[in-house]
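Spelled out, the chains give:
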Amino acid sequence: MSARIYQRPKNAMQSGKALCDQWILEFAPAEARKPDPLMGWAGSGDMQAQVQLRFPNKEEAQAYAAKYGIAARVHATPPKRLKIQAYADNFK
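Residues numbered from 1 in each chain as written. Predicted model: local features only at pLDDT ≥ 70, side-chain atom pairs only at ≥ 80, totals over all residues. Heavy atoms only, no water.

Student: Is there a simple way to think about the overall build of the chain in this case?
Tutor: Each helix and strand counted, the chain has one helix and six strands in total. Going from N to C terminus, the chain has its helices and strands arranged as β-β-β-β-β-α-β. Its C-alpha radius of gyration of 19 Å places the chain more than 25% over the 12 Å reference for a compact globule of 92 residues. Overall size of the chain, expressed as C-alpha extent along the three principal axes, is 55 × 40 × 20 Å. Burial statistics for the chain: of 92 residues in total, 16% are counted as buried. Across the chain, the fraction of contacts at a sequence separation of at least 24, relative to all contacts at a separation of at least 6, is 52%. (Helix = DSSP H or I, 4+ residues; strand = E, 2+ residues; numbered from the N terminus. Rg over C-alpha atoms; globule rule 2.2 N^0.38 Å. Buried < 20%, exposed > 50% of the residue type's maximum accessible area, 1.4 Å probe, protein only. Contact = heavy atoms within 4.5 Å.)

Below you can see the structure in the form of structure tokens.
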């Protein structure tokens, strides 16, 4: 059973940064998704793919994975870059 640990990204549809400080432990899919013969929806019998565990920091997520023997990869958070520009730059 493998998983990935990452920090929740900022929602692109809103300017707020709520819940961006949370770390997520998400399990890797154990089997491929296949279309349902009746409806055509993609699905699988893998229940772990539906589980997302939230932690306040990266160390707690790693400790949880180590405690339960989960091979977890940590995805580093990319550095935040600010693009500072003036309103007048829109008219150059």
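Having seen it, we continue.
Student: Quick question: what am I supposed to make of the layout of surface pockets here?
Tutor: Remark: the empty space left among the atoms is shown by a probe the size of a water molecule rolled over them. Reported here for the largest pocket is a volume of approximately 360 Å³. Around the largest pocket sit 15 residues that line it, and Arg8, Pro9, Lys10, Thr77 and Lys80 are the ones nearest its centre. Broken down by class, the residue content of the lining of the largest pocket amounts to seven nonpolar, three polar and five charged. (1 Å grid on protein atoms, 1.4 Å probe; cavity = no way out; pocket = protein on both sides within 12 Å on 5 of 7 lines; lining within 4 Å. Points joined across faces, edges and corners; volume = space filled by probe spheres on them. Nonpolar A, V, L, I, M, F, W, Y, C, P; charged D, E, K, R; others polar.)

Student: Got a minute to help me understand the environment of Asp46 in this structure?
Tutor: The residue Asp46 is located in the loop between strand E4 (42–43) and strand E5 (52–55) in this model. Taking the C-alpha atoms as reference points, Asp46 and Ala30, 16 residues apart in sequence, are found 6.3 Å from one another. Residues contacting Asp46, with those up to four places away along its chain left out, are Ala28, Pro29, Ala30 and Glu31.

Student: Honestly, the pattern of salt bridges in this entry has me stumped. Any pointers?
Tutor: Charged atoms that come close allow side chains of opposite charge to pair. Under the counting rule described, the total for this entry stands at three salt bridges. Two residues, Glu31 and Lys34, come together in a salt bridge whose shortest N-O distance is 3.5 Å. Assessed through its relative accessible area of 34%, Glu31 is described here as partly exposed. Residue Lys92 is joined to Asp89 by a salt bridge in which the shortest nitrogen-to-oxygen separation is 3.3 Å. (Salt bridge = Lys/Arg side-chain N within 4 Å of Asp/Glu carboxyl O.)

Student: Would you take a moment to explain the pairing of strand E1 (residues 2–7) for this structure?
Tutor: Side-chain positions along a regular strand alternate between the two faces of the sheet. Where E1 lies against strand E6 (residues 71–74), four bridges are found, and the strand directions are parallel. Counterpart to Arg4 in the pairing with E6 is Arg73. Pairing of E1 with strand E2 (residues 23–27), which is carried by five bridges, proceeds in the antiparallel orientation. Within E2, the residue paired with Tyr6 across the bridge is Ile24. (Pairing = 2+ DSSP bridges.)

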